[in-house]
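Topology and contacts: notes
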Amino acid sequence: MAVELIDSSYGKANVKFLKVKKNPENPQEQEVLEANVKVLLRGNFDVSYTKADNAPIVPTDTVKNTILIEAKKTDVWPIERFAAHLAQHFTGKYSHVDGVEVDIVQARWTKFPVQGKLHAHSFKNEGPETRRTRLEYNKKSKKLHVASSIVDLTVLKSTGSMFYGYNVCDYTTLKPATDRILSTDVDATWTFDPRKISTIQDVFAYAEKGGFDSAYNKAREITLELFALENSPSVQATMYNMSEKILENVPEVGKVDYALPNNHYILFNLEWKGLKNDDLFYPSPDPNGYIKATVARSPASKL
Ligand SMILES: O=c1[nH]c(=O)c2[nH]c(=O)[nH]c2[nH]1
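Here is a short report on the structure shown in this document. (Residues numbered from 1 in each chain as written. Predicted model: local features only at pLDDT ≥ 70, side-chain atom pairs only at ≥ 80, totals over all residues. Heavy atoms only, no water.)

**Quick word on helix α4 (residues 200–208)**
- Along α4, the positions that sit buried rather than exposed are Ile200, Val203, Phe204, Tyr206 and Ala207. Along the axis of α4, the buried positions cluster into a sector of 170°, meaning they face one direction only.
- Buried positions along α4 lie against α3 (79–93), β4 (117–138), β5 (144–157), β6 (182–192) and α5 (211–229).
- Gly210 lies just past α4 and shows a positive phi near 80°. (Buried < 20%, exposed > 50% of the residue type's maximum accessible area, 1.4 Å probe, protein only. Helix = DSSP H or I, 4+ residues; strand = E, 2+ residues; numbered from the N terminus. Arc of directions from axis to C-beta. Contact = heavy atoms within 4.5 Å.)

Structural data, given as structure tokens:
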């Protein structure tokens, strides 16, 4: 039977480090970045799959060492900059490496107040929420894709959410709600417009002026603010409004994706006990609604 290799990539996943940044003027004043990095290489590796010829393989162990050595040698803040640095390194050092896919997950270590002010070097892990980035670069096609995300930001509002007016058929049992609990684990991704951030140098320049941090902060703020302030007609409408606001506020972002589970809380039926119940719920882990949307600027308003 004739077969052919259609696609391949390889590298190291779950390469973890924590880097400390000390303020040179006050070494007690520190920041930390804990990361989980995955780097996959693409390029002229076909013979390693098809002819058992290992000659072109840069061992995944070397990929791991590279991530750690470069994390030591260069600035890892923000993660988008470090991802671009790794892409530049791998495609520059090895002539047969054409492309790189870098995924970085950053743990949420935040400083906490002690005696009224943020402590200089003590952090609280606000997990499972993470900040993430995915960067894909191909040195032949010059194509660059940079997207960043917030994952597992779990939120709940106990009122200010509705769901009614939906399609009703002979299979419908859901009752319309004008006041319900709404809870989700936010998975939001903002993809940078490849016409605005089109080269590795563009990533470095945008990082330098604080663009990636500012995009992250705005996406997070908008998500939380709209979640809280809007009287939500549905998860669908709320995620669309969040996406629109991110696109309005961050011109470098070309599209926004949300994927939101609807974590249901269901009223206990206590009528059998003669009790009227509107405040005691049980969390229903499954099944859950799962609602996705991708929102981009309309072609008419391209630039
Ligand atoms: O916001 C919602 N969107 C839905 O599509 C849906 N479906 C459902 O049963 N409850 C909800 N809530």
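**Concerning empty space enclosed by the protein**
- All told, the structure shown has one cavity of 30 Å³ or more when counted by the stated rule.
- The volume enclosed by the largest cavity comes to roughly 50 Å³.
- Surrounding the largest cavity, Leu182, Thr184, Phe227, Val235, Thr238, Met242 and Leu260 form its lining.
- Elements that contribute at least two residues to the lining of the largest cavity include exactly β6 and α6 (235–249).
- For the lining of the largest cavity, the element with the most residues is α6, which contributes three residues.
- Tallied by class, residues from the lining of the largest cavity come to five nonpolar, two polar and no charged. (1 Å grid on protein atoms, 1.4 Å probe; cavity = no way out; pocket = protein on both sides within 12 Å on 5 of 7 lines; lining within 4 Å. Points joined across faces, edges and corners; volume = space filled by probe spheres on them. Nonpolar A, V, L, I, M, F, W, Y, C, P; charged D, E, K, R; others polar.)

**Here we look at the pattern of salt bridges**
- In this structure the tally under the stated criterion is 19 salt bridges.
- The closest approach of N and O atoms between Lys111 and Glu31, which form a salt bridge, is 3.2 Å. With Lys111 in strand β3 (residues 97–114) and Glu31 in strand β2 (residues 26–43), this residue pair connects regions lying 80 residues apart in the sequence.
- A salt bridge links Asp103 to Arg134; the shortest N-O distance between them is 2.6 Å. Taken as a pair, Asp103 in strand β3 and Arg134 in strand β4 lie far apart in primary sequence, 31 residues in all.
- Each of Asp7, Arg42, Glu101, Asp103, Arg134 and Glu136 takes part in salt bridges that share partners, so that together they form one network. (Salt bridge = Lys/Arg side-chain N within 4 Å of Asp/Glu carboxyl O.)

Everything listed is a geometric property; what it means functionally is a separate question.
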